[in-house]
Amino acid sequence: MIKNLKSLKNLEDKIVLTRVDFNVPFNDKGEITDITRIKGALPTIEYLREAKAKIILFSHLGRITSEEDKKTKSLKPVAKKLAEITGYKIIFVPKNRGELVEKAIRILKPGEILMLENTRFQDFVDGKQVNYESKNNDELATYWSKLGDVFVNDAFGTAHRSHASNVGIASKMENKAIGLLMEKEINFLDKAVKTPESPFVALVGGAKVSDKIDVIKSLLEKADKVIIGGGMAYTFHKAQGLSIGNSLVEEDKVELAKALLSTYKDKLIVAVDSAYTTEFADNVPEYGDEVPEGNMGLDIGPKSIELIKNELENAKTILWNGPFGVTEFSNFSKGTNEIAMTIAEKDDVISIVGGGDSVAAVVSMGLAKEFSHVATGGGASLEYIEGKVLPGIKIFETTEEKN
Ligand code: AMP
């Protein structure tokens, strides 16, 4: 049993260290381009506020490998956005350890929210790459754990990693639980991977077979149909003996693709045509079942879109991870957008989308509400689907009965 937030009693006046996932994307003007992750954390923050806890928010943002990174990866704009969205005062401390932090916590009142600076600033200290946060440094985890009374982990996106701000703090604190978002993500993924209603159709896209081979294998065991698109489809096309021109291919995975195609003949479906052009650019595409020499396939074609629509027709559970084309180019976003629309239009179905670019497509088309669940953590959800034990969840396991 995983201990959840609602099982924690007497939060009033308690300092609750709350690990959220505010690793949001920014454009080059320094503006936040997608607030899905911030919104995802709101139920837990609201719950803690109503319980009159003193809320301390921890999050990482990007990777920190230089002093320069610290200038562009501060959580300050995220604190500002959170204040804008909620209308609450968010106290931002531009540090995550030391006197300033301790003082700010001492004067915090029940129901108030304080956000600390990017936890990964502890990866680069005094001009050195020390990775205290990312390598779960014991001293750092101990220090952070002593700042509060209770620990709540709501950052599903980092649950597959053992960092100081998730597993580290949790390992030092008795009074702890997963947050409401984390619980929701786990429940939805369980619906797909543990108790899926049939027909269960999984769609896997994205750049490389090698990144997603374990998840493909795992889904082939669990789903009724697994549909492959995106860059990774060309390794399968090559295995099928089709011409792929200069499309993305992983030569060392062609044999594996062949084996999967033969073992799962009726289950594994690969895109049947492509939108292609002569270079990696947002050109007007041509379409065909195969990609001619001198061209590269950058999206699925109309026949694949029809095929996918048919396969989704009677589906009761749909899991989608990864774009079916180069969504950075508008001319090659059609396949991904059509899939998003087809799934969004379906009623009476459990639909889960995960992975950065597919989620971005769903969000930018305003379709997020039409999905049962938009998973915030791409890597973590893939590992969960693969059946791996995620350290950021496991540490909250308890032998106590549910209360
Ligand atoms: P992933 O992170 O594995 O989900 O992959 C996302 C990336 O796959 C995006 O940057 C897409 O541009 C890329 N992608 C999708 N389809 C293709 C394709 N046909 N050729 C090259 N890259 C692709």
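What counts and how
- Residues numbered from 1 in each chain as written.
- Predicted model: local features only at pLDDT ≥ 70, side-chain atom pairs only at ≥ 80, totals over all residues.
- Heavy atoms only, no water.
- Pairing = 2+ DSSP bridges.
- Helix = DSSP H or I, 4+ residues; strand = E, 2+ residues; numbered from the N terminus.
- Contact = heavy atoms within 4.5 Å.
- Axes fitted to C-alpha atoms, helices over the stretch in contact; angles between N-to-C directions.
- Near = heavy atom within 4 Å.
- Polar contact = N/O pair within 3.5 Å; in protein donor to acceptor, adjacent residues only side chain to side chain.
- Buried < 20%, exposed > 50% of the residue type's maximum accessible area, 1.4 Å probe, protein only.
- Arc of directions from axis to C-beta.
- Core = buried A, V, L, I, M, F, W, Y, C linked by side-chain atoms within 4.5 Å.
- Parallel < 35°, antiparallel > 145°, perpendicular 65-115°, else oblique.
- Left-handed = near helix turned anticlockwise from the far one by under 90°.
- Nonpolar A, V, L, I, M, F, W, Y, C, P; charged D, E, K, R; others polar.
- Phe/Tyr/Trp six-rings, centres within 6.5 Å; stacked < 30°, edge-to-face > 60°.

1. A few points about the sheet that holds strand β11 (residues 268–270)
On the basis of which strands lie adjacent, the open sheet formed by 6 strands has the order β11-β10-β9-β15-β16-β17 and parallel pairing. Both outer strands of the open sheet, β11 and β17 (373–374), are each paired with one neighbouring strand and no more. Packing of helix α13 (residues 356–364) onto the sheet brings it into contact with β15 (317–321), β16 (350–354) and β17, and relative to β16 it is tilted by some 115 degrees.

2. Here we look at the site of the ligand
As a structural note, the neighbourhood of the ligand is formed by 15 residues, with A207, K212, G231, G297 and E328 the closest of them. Within the contact set of the ligand, an oxygen atom lies 2.9 Å away from a side-chain nitrogen or oxygen of K212. Take G231: an N or O atom from its main chain is 3.1 Å from a nitrogen atom of the ligand.

3. Describing helix α4 (residues 99–106)
Three or more residues of α4 are buried, namely V101, A104 and I105. Buried residues of α4 fall within an arc of 100 degrees about the axis and therefore sit on the same side. With respect to the buried face of α4, the exposed residues turned more than 90 degrees away are E99 and R106. Packed against the buried residues of α4 are β1 (15–19), β2 (54–58), β3 (90–93) and β4 (113–116).

4. Concerning α13
By the burial criterion, the buried members of α13 are S358, V359, A361 and V362. Taken down its axis, α13 places every buried residue within 155 degrees of arc, on the same side. Opposite the buried face of α13, at more than 90 degrees from it, the exposed residues are G356 and S364. Turning to α13, the residues buried within the fold contact β15, α12 (334–344), β16 and β17.

5. Points about unusual backbone geometry
In this structure, the amide linkage connecting S198 to the following residue, P199, adopts the cis form with an omega of -10 degrees. With a phi close to 75 degrees, D13 is a non-glycine residue in the positive phi region. Relative to the assigned elements, D13 resides in the segment before β1.

6. Comments concerning the side chain of H373
Its place among the elements puts H373 in strand β17. The exposure class assigned to H373 is buried, which follows from its relative accessible area of 2%. At 3.2 Å, the side chain of H373 forms a polar contact with the side chain of E185. Those residues in contact with H373 that sit more than four places away from it in its chain are K184, E185, F188, S351, I352 and V353.

7. Describing the nonpolar core
Of all hydrophobic cores here, the largest spans 62 residues; its most connected members are F156 and I228. In terms of nonpolar packing, the next biggest core, distinct from the first, is built from 28 residues, L11, V16, L57 and V150 among them.

8. Quick notes on the packing of helix α5 (residues 138–145) against helix α6 (residues 164–172)
Packing of α5 against α6 brings their axes to within 8 Å, and their N-to-C directions diverge by 70 degrees. When the interaxial angle is binned, α5 and α6 end up roughly perpendicular. For the pair α5 and α6, the crossing hand works out as right-handed. Along its contact with α5, which presents D138, L140, A141, T142, W144 and S145, the element α6 presents A164, S165, G168, I169 and K172. Of the residues contributing to the contact of α5 with α6, the split by class is 5 nonpolar, 4 polar and 2 charged.

9. Remarks on the packing of aromatic side chains
Following the criterion strictly, the structure yields 3 aromatic pairs and no others. Arranged with centres 5.4 Å apart and planes meeting at 75 degrees, the rings of F58 and W144 form a pair that is edge-to-face. Here the residue F58 occupies a position in strand β2, and W144 occupies one in helix α5, the gap between them amounting to 86 residues. The pair formed by F58 and W144 is uniform in burial state, with each residue classed as buried. Here the aromatic rings of F151 and F396 are separated by 6.2 Å at their centres, their planes lie at 25 degrees, and the arrangement is stacked.

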